[in-house]
Each structure stands twice: as C-alpha cells, then as structure tokens.
Amino acid sequence: MSTQNSAFLVESNQRGSSYILSLTPHQPHQFQPLPKMPTPETAEHMLIHCQVALDAWISLSNYITTNHFNENNQLLNFTNQTTMSQILQSPSTTSTITTYCYLLWSLWTTRNELVFRRTDSQPADILTRSIQQHQEFEWEKSIAPPILPGEPPTRSTTNNSRTKVTIDVGWTRSESDWININTDGAARGHPGLAGEGFICRDSNAQTVIAVAQPLGITDAITAETWATVLATITTTERQWYKVLFETDSENLMRLIKTTTDAPWHTSEMIAEIRYRMSQIPDCNIQHTYREGNQDAYGLANYAADASQTGNYCTTIWDRAIPPCINQILLNDYRDIKYPRVISI
C-alpha cells in the first residue's frame, strides 16, 4: 500500500464525514442497455472495468490496475509483499485493510443496486458506508465476550441451552410525578430513508408531547440515537426533574450507560445525551421490548414514511394524541399486555 493511500485511509477514519465533503463531485450515470456477459464477473472487472468502481476509486485518490492481480485473478496487496494474507499478519495494517474490505463490499453492493434496481449512488456515499461499517465492526468487537481458540462461541452455546418462556410485555406507566419517555428510530435500509419519534407521558398515561421527525437517509442506530438526543433536549428545556427513558435498542442503552466508545457517526450525539441526562436530578434509562415501545416505533415509522414522500417537516403533538398511534395509546392506557417468548 502506498504511503499516500495509507495516509488517506487514516485521515478518512479520523475525520469521517467532514473529509467526505472534499471528494470529487459525482456525475450521474447514463443508463445503457445491459450487455450480455460472455463470462462470469471477476474481481478485476468489479474493481477496474466497471464505471461505478472507477468513479469510487478516483474519488478516493486510489488507482487499481491489472498489475494488482495475479494469474489466478486474485487481488494482490498494495505493498511490496506477495499476497493479501501476508499483509493481514501485520497488526499495524489490519485496521487499514479492514476499511479496504468494507470498501470492496460497498462497491459490490452499489454495483448490484445500479445494475438490478437502477439506483445510483455517489462515490462519497460509498466511502461513508465503508467507514461507518468499519467503525461499527470495531465497536462490536470491543464489547464482544472473548472466545478462546478451539472453543465454540459463548453466546451460541449459552443461547442453545436456555429455556424459553412466554412473558407478558407492554408499556408500564410511570410513578407519580414522573415523566415516561419512549424513543425509537426506523430506517428503510442500511442506510435508507429514516425517521425518529419519541413520546412523553405522565403517570396517568396522558400524552404531554409527541414528536415525529423525518431524517432523510441514515441508518437505524443513528435514527434511534437522534430520537434520544431530542428527547433529552426537550426534558432539560421543560425542566422535568423525574424522567424515565425507555428504548428497545440494547446497544444504544449500553452506549449511554457505559464509557464504551461509540461509532464515530454517533459519538457526538451520545456525548450530548450523557450531558443532558446529567442535568436531570432524577433520571434513568432502561431497555424495553418492542411490545412496550410501540408508540415510539409507530411515530418513527410515520416519520420514515414522510421521508419517502419527500416531506421533511417535523410534526409535534403538544398535549394532543397523534392519530397515527391512537389505538396503541388506547391499549397502553388500558394496560394491555402482549405475549413474548424469551430465553432465560
């Protein structure tokens, strides 16, 4: 790997989306009748001859030629070493190679979207997805339980031996003087058109305020995080002193309640949530199953649907019932529960 390319990936990982803005402008593809492929696609075709791949590599200041392939059409590394497997043995380059692997995967899926669905993407979008997926992989790896060589994964072994039971799950109203806030996000893809929603209710199950906000194109975890950001801002601005936040995302709850480093694209939002919660005298956040979070889920999907129609206006119901979740709110008011099978 050249020094220029290595430095590029380091900088792009550190600066994230701010660096993406400086990429070469993208020219939309002019769709032509699909040619018949005389032979199966190869890695060389995907990385060199395809115009989508060329646009992405040029935007990334990275050039690949046939010299990077051996006689078996296997991709060689970008250093003086012989094969990709050798460079993977070097811990100092593992992170960079991981980013390249996600970049290759993004190129492949982008080409499939273009060929089969006529959906075009900008090279900057390809880089964004690659860095984002790499960051999520590193975060998941940092919190995963260790697995000893030769032993089966702990999670799989444990899950297979657990007993399954059915429990009743539903929304539970808060104690007197407390505000219960449910948050959620929804995305039509990873990433895709998304929305966030949250609802604040008192101990009598009366809606204090509910919000649904279309977000454009992002992923589900970002939408869920943004919903919690807005909910904490609403809480501090209205000076509520006893607040219980509920989310059906265990990953989000773990990020907020621990010192685990968040993926780069949500780190600033997680920091904002932690700060806002520290300003609330009596505050907690807990996980709930989807059955107990249907109101926020309904609002998030209402917002995601609005994104699909190009309507990006935020909808606020102040001391009013959102019509899109009217029946769900009524069921919650009646303390209706739903069966859910869990492992213990």
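Residues numbered from 1 in each chain as written. Predicted model: local features only at pLDDT ≥ 70, side-chain atom pairs only at ≥ 80, totals over all residues. Heavy atoms only, no water.

Chemist: Sorry, what's going on with the overall build of the protein chain here?
Modeler: Counting secondary structure elements, the protein chain contains 13 helices and eight strands. Residues classed as buried in the protein chain amount to 44% of the 344 residues present. Taking the contacts inside the protein chain whose residues are at least 6 apart along the sequence as the reference set, 73% of them involve residues at least 24 apart. Carbon and sulfur atoms form 52% of the exposed surface of the protein chain, whose accessible area is close to 18600 Å². (Helix = DSSP H or I, 4+ residues; strand = E, 2+ residues; numbered from the N terminus. Buried < 20%, exposed > 50% of the residue type's maximum accessible area, 1.4 Å probe, protein only. Contact = heavy atoms within 4.5 Å. Areas by Shrake-Rupley, 256 points an atom, 1.4 Å probe, with all protein chains shown as cover.)

Chemist: Would you mind showing me how to read unusual backbone geometry here?
Modeler: Where the residue is not glycine, phi is negative for most of them; where a peptide bond is considered, it is trans in most cases. Note that the residue after His190, namely Pro191, is joined by a cis bond; omega there is -5°. Along the polypeptide, Pro191 turns up in the loop between strand 2 (179–187) and strand 3 (192–201). The phi dihedral of Gln239 is positive, around 55°, even though this residue is not glycine. Following the sequence through the fold, Gln239 ends up in the loop between helix 9 (220–237) and strand 5 (242–247). On the basis of relative accessible area, Gln239 is assigned to the exposed category, the value being 52%.

Chemist: Looking at this structure, I do not really get the nonpolar core. What am I missing?
Modeler: The nonpolar side chains of a soluble globular protein tend to be buried, and buried together. Ile181, Phe198, Cys200, Trp240, Phe245, Ile256 and Ile270 are the most contacted members of the largest nonpolar core, which totals 26 residues. Those elements that place two or more of their residues in this core are strand 2, strand 3, strand 4 (207–218), helix 9, strand 5, helix 10 (250–257) and helix 11 (267–278). When residues no more than four places from it in sequence are discounted, the contact partners of Ile256 are Thr228, Ile270, Ile273, Arg274, Met277 and Ile285. Ala212, Leu299, Ile325 and Leu329 belong to the second largest nonpolar core, which has nine residues in total. (Core = buried A, V, L, I, M, F, W, Y, C linked by side-chain atoms within 4.5 Å.)

Chemist: What should I look at first to understand the environment of Asn284 in this one?
Modeler: Of note, Asn284 is situated in strand 6 (residues 282–287). Taking the C-alpha atoms as reference points, Asn284 and Val243, separated by 41 residues in sequence, lie 6.7 Å from one another. Apart from residues no more than four positions distant in its own chain, Asn284 is found in contact with Val243, Leu244, Phe245 and Lys257.

Chemist: Could you clarify how one ought to interpret the packing of aromatic side chains in this entry?
Modeler: Aromatic ring pairs are described here by two measures, namely the spacing of the ring centres and the angle between the planes. Inspection of every chain in the model, using the stated rule, returns one aromatic pair. When the ring centre of Tyr297 is taken as origin, the NZ or CZ atom of Arg290, which lies over that ring, is 3.9 Å away. (Phe/Tyr/Trp six-rings, centres within 6.5 Å; stacked < 30°, edge-to-face > 60°. Lys NZ or Arg CZ within 6 Å of the ring centre and 35° of its normal.)

Chemist: Help me understand the pairing of strand 3 in this model?
Modeler: As a general feature of sheets, a regular strand has side chains that alternate between the two faces. Among the 10 residues of strand 3, nine are classified as buried, and the element is accordingly described as predominantly covered. By the bridge criterion, eight bridges tie strand 2 to strand 3 in an arrangement that is antiparallel. Looking at strand 3, one finds that Ala187 is bridged to Ala194. Connecting strand 2 to the antiparallel partner strand 3 that follows it, the hairpin turn spans four residues, and Gly189 within it adopts a positive phi of roughly 140°. (Pairing = 2+ DSSP bridges.)

Chemist: What is the right way to look at the pattern of salt bridges in this model?
Modeler: Opposite charge on two side chains permits them to pair, given that their charged atoms come into close proximity. Under the definition given, this model contains nine salt bridges. Among the ionic pairs, Asp335 bridges to Arg173, the shortest N-O distance being 3.6 Å. With Asp335 in the loop between helix 13 (326–333) and strand 8 (338–343) and Arg173 in the loop between strand 1 (164–169) and strand 2, the pair connects residues that are 162 residues apart, well separated along the chain. Judged by relative accessible area, Asp335 falls into the partly exposed class, the value being 39%. Judged by relative accessible area, Arg173 falls into the partly exposed class, the value being 27%. A salt bridge links Glu272 to Arg276; the nearest nitrogen and oxygen atoms lie 2.8 Å apart. You can see Glu272 and its partner Arg276 sitting in helix 11, four residues apart, about one turn around the helix. Among the residues examined, Glu272 registers a relative accessible area of 27% and is labelled partly exposed. (Salt bridge = Lys/Arg side-chain N within 4 Å of Asp/Glu carboxyl O.)

Chemist: Looking at this structure, how should I read helix 9?
Modeler: Structurally, the α-helix is built with 3.6 residues per turn, so residues lying three or four positions apart point the same way. In a regular helix each residue adds 1.5 Å, so 18 residues correspond to 26 Å; helix 9 covers 26 Å between its end C-alpha atoms and thus fits that length. Where burial is concerned, most of helix 9 is hidden: 13 out of the 18 residues are buried. (Expected span 1.5 Å × (residues − 1).)

Chemist: Is there a simple way to think about the confidence of the model for the protein chain in this case?
Modeler: Note that predicted coordinates carrying low pLDDT should not be read in detail. Overall, the predicted model of the protein chain reaches an average pLDDT of 75, with 65% of residues at or above 70. Confidence drops under a pLDDT of 50 for residues 1–39, and excluding neighbours within four residues, the segment shows 52 contacts in the predicted structure. Between residues 61–66, whose pLDDT stays under 50, and residues either more than four places distant or in other chains, the model counts 15 contacts. (pLDDT = per-residue confidence, 0-100.)

Chemist: Whenever I open this one, the sheet that holds strand 7 (residues 315–318) confuses me. Can you help?
Modeler: One open sheet accounts for six strands, arranged 6-5-2-3-4-7; its pairing is mixed. On the outer flanks of this sheet lie strand 6 and strand 7, each paired with one strand and no other. Strand-to-strand twist of the sheet, defined as the mean angle between neighbouring strand axes without regard to direction, takes the value 15°. For strand 5 and strand 6, the ladder comprises six bridges, and the chain directions are parallel. Across the sheet, residue Val243 finds its bridge partner in strand 6, namely Cys283. (Axes fitted to C-alpha atoms, helices over the stretch in contact; angles between N-to-C directions.)

Chemist: So what exactly am I meant to see when it comes to the side chain of Gln213 here?
Modeler: Residue placement: Gln213 occurs in strand 4. A distance of 2.7 Å separates polar atoms of two side chains, one belonging to Gln213 and the other to Trp226. Apart from the residues within four sequence positions on either side, Gln213 is in contact with Gly195, Glu196, Trp226, Leu230, Ala303 and Thr314. (Polar contact = N/O pair within 3.5 Å; in protein donor to acceptor, adjacent residues only side chain to side chain.)

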